[in-house]
Amino acid sequence: MLSKRILLDNHPCFSEGAHGRFGRLHLPVAPLCNVQCRYCVKKFDCANESRPAITSRLLSREEAVGRVETLVDRSTNLSVIGIAGPGDSIFNEATLPVCKEISARFPELILCISTNGLLLADRIEAIKEAGISSITITINAITAATAARIYSWVDYEGERLRGIEGAALLLQKQYDGLRAAVESGYAVKVNTVFMPGINDKEIPLIAHRVAAEGAEIMNIMPVIPQGEFSWLRRPGHREIFEIRAACSLYLTQMSHCVQCRSDACGLIGEDTDAELEMLMAGLGVDYDAVVS
Ligand code: CLF
């Protein structure tokens, strides 16, 4: 695992200072999810939307490693390789072998996973062995009653749990996972989706609790109303500003997240099209000369 110092200096999502200098490359190798969030709609063949849980296509393990080889070679600013869906990174069998191979071949790169946290405590040793250096957990609630409004179901050890039962298990596993990751030496970011009227009252309590458990930074993101939550209101800039200010009493707040795709590539907010870049690299065409 790379040191926390390197991570905090060079990771564009953990560091305000790094996000204009370094970019990330997401590898869409994780299609499946063990939790259904009511605000999440996954798409595997989508080129024209920019939001989490979508990708132009899924990559095999070989294609993912090939993408790292090609794009890191032609770009000096990619510091992070992330697995961010479209499903849950840890739940998908491909994630850890892909990370292991990249960490052996590119030890200078930061390997990052984003997870709902359900399997984090159970798999923390394997995650460490795979060379992963940074972890993001999405935690949206403190109470099982609120979590039960957010999640339709939770799959754990072959059983599908709904309502309070599934919600309570997920919350317990998320906070256990956070604790296990911090105890293993990880810098952990907590993502929280701000859903007006659903979890807004609990967000400062989440900040307080995850700070006490040792989280490094929090990223509060406005819900994108879709799926079962298509009727929700997207919170405005002022509300986001105010909730971040309230939570900053407990831990550092990230404010430059762009809620990116599962195949995002480049500097945050200045994404390139990894699919097109790969195609042009194969044809020997200079992507920057053509696209910029
Ligand atoms: Fe990717 Fe997430 Fe790692 Fe960053 S994204 S897995 S921590 S390398 Fe960053 Fe994108 Fe926001 Fe995520 S801007 S959605 S916070």
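Because the structure is a prediction, the values reported are computed rather than measured.

(A) Summary view of the side chain of D200. Looking at where D200 falls in the secondary structure, it is placed in the loop between β8 (187-194) and α7 (203-212). Assessed through its relative accessible area of 19%, D200 is described here as buried. Among the polar contacts made by the side chain of D200, one reaches the main-chain amide nitrogen of G197 at a distance of 3.1 Å.

(B) Geometry of the packing of aromatic side chains. Here the structure, examined in full by the defined rule, presents one aromatic pair. Ring geometry for F229 and W231: centres 5.7 Å apart, planes at 85 degrees, overall edge-to-face. A relative accessible area of 3% places F229 in the buried class. For W231, a relative accessible area of 58% corresponds to the exposed category. Geometry around W153 places R160 over its ring, the cationic atom sitting 3.6 Å from the centre. Sitting over the face of the ring of Y175, R209 holds its NZ or CZ atom 3.8 Å from the ring centroid.

(C) Just the site of the ligand, in detail. In the neighbourhood of the ligand, 17 residues make up the surrounding shell, with C13, H26, C112, C257 and C260 lying closest. Among the secondary structure elements, those contributing two or more residues to the shell around the ligand are β1 (23-26) and β4 (110-115).

(D) The sheet that holds strand β12 (residues 270-271), seen in detail. The sheet built from nine strands is open, its strands ordered β10-β9-β8-β5-β4-β3-β1-β11-β12 with mixed pairing. Unpaired on one side and paired on the other, β10 (252-253) and β12 mark the two borders of the sheet. Strands in contact with helix α8 (residues 237-247) are β8, β9 (217-222) and β10; relative to β9, the strand with the most contacts, it is inclined by about 160 degrees.

(E) Region of the structure containing helix α2 (residues 61-74). Its 14 residues place the ends of α2 20 Å apart at the C-alpha level, agreeing with the 20 Å of an ideal helix rising 1.5 Å per residue. Considering only its buried residues, α2 is in contact with β1, β3 (78-83), α3 (95-105), β11 (265-267) and α9 (274-283).

(F) Here's a closer look at the pattern of salt bridges. With the rule as written, the count across this model stands at 20 salt bridges. Note that R67 is salt-bridged to E275, the shortest N-O span being 2.8 Å. Highlighted residues: R67 in helix α2 and E275 in helix α9, separated in sequence by 208 residues. Relative accessible area serves as the criterion here: at 3%, R67 is assigned to the buried category. R261 is the salt-bridge partner of D263, the closest N and O atoms lying 2.7 Å from each other. The same class applies to D263 as to R261, namely buried.

(G) Examining the nonpolar core more closely. By size, the foremost hydrophobic cluster in this structure holds 75 residues, and its most contacted members are L27, I132 and I135. Here L27 is in contact with L59, A64, R67, V68, I81, G82, I83, G85, V98, I102 and S262, once residues within four sequence places are set aside. Ranked by size, the runner-up nonpolar core spans 12 residues in total, among them L7, C112, M254 and I268.

(H) A look at α3. Among the residues of α3, those classed as buried are T95, L96, V98, C99 and I102. End-on view of α3: buried residues confined to an arc of 160 degrees, all on one side of the axis. Contacts made by the buried residues of α3 are with α2, β3, β4 and α4 (120-129).

(I) How the structure looks around the pairing of β1. Residue alternation in β1 divides its side chains into two sets, G23 and L25 and R24 and H26, and both sets are buried. Across four bridges, the pairing between β1 and β3 is parallel. Within the sheet, the bridge partner assigned to R24 lies in β3 and is V80. As defined by bridge partners, β1 adjoins β11 across three bridges and the pair is classed as antiparallel. Paired with G23 across the two strands is L267, which belongs to β11.

(J) Representation of the environment of R5 in the model. Within the fold, R5 resides in helix α1 (residues 4-10). Considered as a pair, R5 and A187 are 182 residues apart in the sequence and their alpha carbons are 9.6 Å apart.

(K) Looking closely at unusual backbone geometry. Cis peptide bonds are those with omega within 30 degrees of zero, and the linkage from G85 to P86 qualifies with 15 degrees. Here P86 lies in the loop between β3 and α3. Phi is positive for E157, which is not a glycine, with a value near 50 degrees. Following the sequence through the fold, E157 ends up in the loop between β6 (151-156) and β7 (159-162).

Analysis parameters
Residues numbered from 1 in each chain as written. Predicted model: local features only at pLDDT ≥ 70, side-chain atom pairs only at ≥ 80, totals over all residues. Heavy atoms only, no water. Helix = DSSP H or I, 4+ residues; strand = E, 2+ residues; numbered from the N terminus. Buried < 20%, exposed > 50% of the residue type's maximum accessible area, 1.4 Å probe, protein only. Polar contact = N/O pair within 3.5 Å; in protein donor to acceptor, adjacent residues only side chain to side chain. Phe/Tyr/Trp six-rings, centres within 6.5 Å; stacked < 30°, edge-to-face > 60°. Lys NZ or Arg CZ within 6 Å of the ring centre and 35° of its normal. Near = heavy atom within 4 Å. Pairing = 2+ DSSP bridges. Contact = heavy atoms within 4.5 Å. Axes fitted to C-alpha atoms, helices over the stretch in contact; angles between N-to-C directions. Expected span 1.5 Å × (residues − 1). Salt bridge = Lys/Arg side-chain N within 4 Å of Asp/Glu carboxyl O. Core = buried A, V, L, I, M, F, W, Y, C linked by side-chain atoms within 4.5 Å. Arc of directions from axis to C-beta.

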